[in-house]
Amino acid sequence: MSWNAETELLTEFEELVRTDRLPEQGSQFFGNVSKLVDDFLNTGRFELPLDPFRGRDREMALESDLYYVMFWRMFDRTPAAMLQDFAIRLRRILAKRVFKRCGEDVVIHHNVLFNSGRNIELGDGVFLNRDVMLDDRAALTIGDHAMVAAGVVIETHRHAYDDFSVPFPHSGRIPDPVHIGSNTLIGYKVAVMAGVNIGNRCVVAANSVVTKDVPDQAIVGGVPAKVIKKIVPRPEDSGPGGSS
């Protein structure tokens, strides 16, 4: 996928839009775009942009198994991604290649996004639901049997903001690792901010924003998230259907 080919296509597209000829040639243009994709899939060639925030995104991508990362993203935009059992097993194979560590029996649903994968460690039995964003610009560790619900965002970096000599986007990124413990549930559309450590067997309520560390066996919720209650073991004589 050469830079010249991309530039030529973009120049052509700009002209089609400017002259309002896209409705006549849209199908042909998509065919030419498909050739770019085929070239990438057959050769692995791919041009990477510079990071507009002056971070290490480009370097991290080059250090990653970039072909496999891109293949994963492309697969998730095909109808085959909806064949749930097949797709989960395929992503499991890719995760063992792409991530720093991937445990056994991991379940990853469609449209889970990440940067390079090189800083992600998943324990056994981790469950990642659809539309999860894993920022792995710094280390991101998720413990055994943790569950991450749909729409969750986990950040591992902050933006520098106090250098008045440069525009805000050029101030750079500050990496800050995140750790999520074992048997922990991160609820629907939670945001976990950079530098946070969440303990073992915790529950983070839906739509919460976690800005501080969470102790073991805690239920937290809110914006910002605060401890709501402590999780205590169920009495031995009280199973799921037993008396409390």
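Structure: see above.
What comes next concerns the included structure. Source: prediction; values computed, not measured. (Residues numbered from 1 in each chain as written. Predicted model: local features only at pLDDT ≥ 70, side-chain atom pairs only at ≥ 80, totals over all residues. Heavy atoms only, no water.)

A short note on the environment of Val220
Position of Val220 relative to the elements: it lies in strand β18 (residues 218-221). On the basis of relative accessibility, which here comes to 2%, the residue Val220 falls in the buried class. The spatial distance from the C-alpha of Val220 to the C-alpha of Val210 is 8.5 Å, given a sequence separation of 10 residues. Setting aside anything within four residues of it in sequence, one finds Val220 in contact with Val203, Val204, Ala205, Ser208, Val214, Ala225, Lys226, Val227 and Ile228. (Helix = DSSP H or I, 4+ residues; strand = E, 2+ residues; numbered from the N terminus. Buried < 20%, exposed > 50% of the residue type's maximum accessible area, 1.4 Å probe, protein only. Contact = heavy atoms within 4.5 Å.)

Here we look at helix α5 (residues 84-98)
A rise of 1.5 Å per residue sets the reference length of α5, with its 15 residues, at 21 Å; its end C-alpha atoms lie 20 Å apart and thus fit the reference within 8%. Of the positions making up α5, those classed as buried are Ala87, Ile88, Leu90, Arg91, Leu94, Ala95 and Val98. Seen end-on, α5 carries its buried residues on one side only, within an arc spanning 165°. In this structure, α5 carries Asp85 and Ile93 as exposed residues pointing more than 90 degrees from its buried face. (Expected span 1.5 Å × (residues − 1). Arc of directions from axis to C-beta.)

Observations concerning the sheet that holds strand β5 (residues 127-128)
The strand order β2-β5-β8-β13-β16-β18-β19 describes an open sheet built from seven strands, whose pairing is mixed. What marks the edges here is a single partner per strand, and that holds for β2 (107-108) and β19 (226-230). In this structure, β5 lies alongside strand β8 (residues 147-148), joined through two bridges in parallel fashion. For Leu128, the partnering residue across the bridge sits in β8 and is Val148. (Pairing = 2+ DSSP bridges.)

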